[in-house]
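Chain by chain, the residues:
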Amino acid sequence: IAKRGLQSVTKCMALQLSSKNGKTVRVNNLDLGITRTDIMKQLNAKEKQAFYQQMDKLHPLARSGTVEDVVEIILFLSNHKKAGWITGQSYVI
């Protein structure tokens, strides 16, 4: 599914599942950009560095995301006290 389609599915699921059987179900979605993971391990260090330098230039903060960045937003969204009112949202990171 294209990212825009996934955003629409997220909103529809949030509306459909918001309160089924007395339980609250929240649906959110992460649209990940370039994230530094082990998937790039097949590249040598020089190739990997060149790839990330190019990708970093495309990001407003001039850096690629990390696994830790993704984990932090997942932890935030899964915390009912902090994000219990958030549903149907797509986070582009």
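Residues numbered from 1 in each chain as written. Predicted model: local features only at pLDDT ≥ 70, side-chain atom pairs only at ≥ 80, totals over all residues. Heavy atoms only, no water.

### Examining the overall build of the protein chain
Item 1. A tally of regular secondary structure across the protein chain gives four helices and six strands.
Item 2. In sequence order, the protein chain lays out its α and β elements as α-β-β-β-β-α-β-α-α-β.
Item 3. Scaling as 2.2 N^0.38, a compact globule of 93 residues should have a C-alpha radius of gyration of about 12 Å, whereas the protein chain reaches 17 Å, well beyond that.
Item 4. Dimensions of the protein chain, computed from C-alpha atoms along their principal axes, come out at roughly 55 × 25 × 25 Å.
Item 5. Considering the protein chain as a whole, with its 93 residues, one finds that 18% of them fall into the buried category. (Helix = DSSP H or I, 4+ residues; strand = E, 2+ residues; numbered from the N terminus. Rg over C-alpha atoms; globule rule 2.2 N^0.38 Å. Buried < 20%, exposed > 50% of the residue type's maximum accessible area, 1.4 Å probe, protein only.)

### A short note on the packing of aromatic side chains
Item 1. What the rule picks out here adds up to one aromatic pair.
Item 2. Ring centres of F51 and Y52 lie 5.3 Å apart, and the angle between their planes is 65°; on these two criteria the pair is classed as edge-to-face.
Item 3. Looking at F51, the relative accessible area reads 28%, which means it is partly exposed.
Item 4. Residue classification places Y52 among the buried residues on the basis of a relative accessible area of 4%.
Item 5. Residue placement shows R36 over the ring face of Y52; its charged tip is 4.1 Å from the ring centre. (Phe/Tyr/Trp six-rings, centres within 6.5 Å; stacked < 30°, edge-to-face > 60°. Lys NZ or Arg CZ within 6 Å of the ring centre and 35° of its normal.)

### Some details on unusual backbone geometry
Item 1. Of note in the backbone geometry, A62 takes a positive phi value of approximately 60° without being a glycine.
Item 2. Position of A62 relative to the elements: it lies in the loop between helix 2 (45–58) and strand 5 (65–66).

### Side note on a nonpolar patch on the surface
Item 1. A grouping of L6, V9, M13, L17 and V25 is seen on the molecular surface, where their side chains present a nonpolar patch of about 320 Å² in accessible area.
Item 2. Relative to the helices and strands, L6 resides in helix 1 (residues 3–17). (Patch = residues over 30% accessible without salt bridge, like charges linked within 9 Å, V, L, I, M, F, W, Y side chains within 5 Å. Areas by Shrake-Rupley, 256 points an atom, 1.4 Å probe, with all protein chains shown as cover. Salt bridge = Lys/Arg side-chain N within 4 Å of Asp/Glu carboxyl O.)

### Comments concerning the environment of D31
Item 1. Secondary-structure assignment places D31 in strand 3 (residues 29–31).
Item 2. Under the relative-accessibility criterion, D31 is labelled buried at 2%.
Item 3. D31 sits 23 residues away from Q54 along the chain, and the two C-alpha atoms are 20 Å apart.
Item 4. Apart from the residues lying within four places of it in its own chain, the contact partners of D31 are K3, L6, Q7, S90, Y91, V92 and I93.
Item 5. Here Q7 takes part through its side chain, which lies 3.0 Å from a polar atom of the side chain of D31. (Contact = heavy atoms within 4.5 Å. Polar contact = N/O pair within 3.5 Å; in protein donor to acceptor, adjacent residues only side chain to side chain.)

### Side note on the confidence of the model for the protein chain
Item 1. Mean pLDDT over the protein chain: 90, with 98% of residues reaching 70 or higher.
Item 2. Ranking the elements of the protein chain by mean pLDDT puts strand 1 (residues 19–20) last, at 74, and helix 3 (residues 67–78) first, at 96. (pLDDT = per-residue confidence, 0-100.)

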